[in-house]
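# Summary of the model geometry
Residue-level listing of the chains:
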Amino acid sequence: MSPKNDRFKLWRAVRQMRRIRAFYALGALLWAATAAWGGWQNPGSRQMWVPVLLLAVFAGLLTATSLWLRRHRSDDAGRPAHHAAPRRSAVRRHASA
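In every chain, residue numbers begin from 1 and rise along the written sequence. In view of the model being predicted, local features appear only for residues whose pLDDT reaches at least 70, and side-chain atom pairs are presented and counted only at 80 or more, with totals across whole chains, interfaces and linings using the full set of residues. Side-chain descriptors were evaluated using all non-hydrogen atoms of the structure, hydrogens and water having been removed beforehand.

### Some thoughts on the packing of aromatic side chains
Selection criterion: What counts as a ring pair is set by centres within 6.5 Å for rings of Phe, Tyr and Trp (its six-membered ring), and what kind of pair is set by the plane angle: stacked under 30 degrees, edge-to-face over 60, tilted for all other angles. Strands are runs of DSSP state E lasting at least two residues, helices are runs of H or I lasting at least four, and both sets are numbered from the N terminus onward. Under the scheme applied here, a residue whose accessible area is under 20% of the maximum for its type counts as buried, over 50% as exposed, and between as partly exposed, the area being computed with a 1.4 Å probe on protein chains only.
Counted by the stated rule, this structure contains three aromatic pairs. Ring centres of Phe 23 and Phe 58 lie 6.2 Å apart, and the angle between their planes is 55°; this geometry places the pair in the tilted category. With Phe 23 in helix H1 (residues 2-41) and Phe 58 in helix H2 (residues 46-77), this residue pair connects regions lying 35 residues apart in the sequence. Residue classification places Phe 23 among the partly exposed residues on the basis of a relative accessible area of 48%. On the basis of relative accessible area, Phe 58 is assigned to the buried category, the value being 16%. Of the aromatic side chains, those joined through ring pairs into one cluster are Phe 23, Tyr 24 and Phe 58.

### Brief notes about a nonpolar patch on the surface
Condition: Residues enter patches when their relative accessible area tops 30% and they take part in no salt bridge; the joining distance is 9 Å for like charges and 5 Å for the nonpolar side chains Val, Leu, Ile, Met, Phe, Trp and Tyr. The method behind every accessible area is Shrake-Rupley, applied with a 1.4 Å probe, and residues are considered shielded solely by the protein chains displayed. Any carboxyl oxygen of Asp or Glu within 4 Å of a side-chain nitrogen of Lys or Arg constitutes a salt bridge here.
A grouping of Leu 53, Val 57 and Leu 61 is seen on the molecular surface, where their side chains present a nonpolar patch of about 250 Å² in accessible area. One can find Leu 61 in helix H2.

### A few points about the environment of Leu 69
Take Leu 69: it is sitting in helix H2. On the accessibility criterion, Leu 69 (9% relative accessible area) is buried.

Worth remembering: the numbers are spatial, not functional.
Right, dumping it as structure tokens:
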């Protein structure tokens, strides 16, 4: 039963990472706008550089999340669906104690 359980955990993780990717994208957009506004009002000031730093953090998190999702999407593409998997033989061997 372990493979099924691991598969469900992976699906849950992918679903959660998709949600958090949207959050990171929104955060990056917000900090980009704030950095642009700060750069327009006070170029080179602390009010500009703090949002730029936070923009870099959110962009890095967004990139890492997107790469993780792309890697796991490509892993699933090569695997056959569960119903297409070959059947196991009916003969099972038991170890004698």
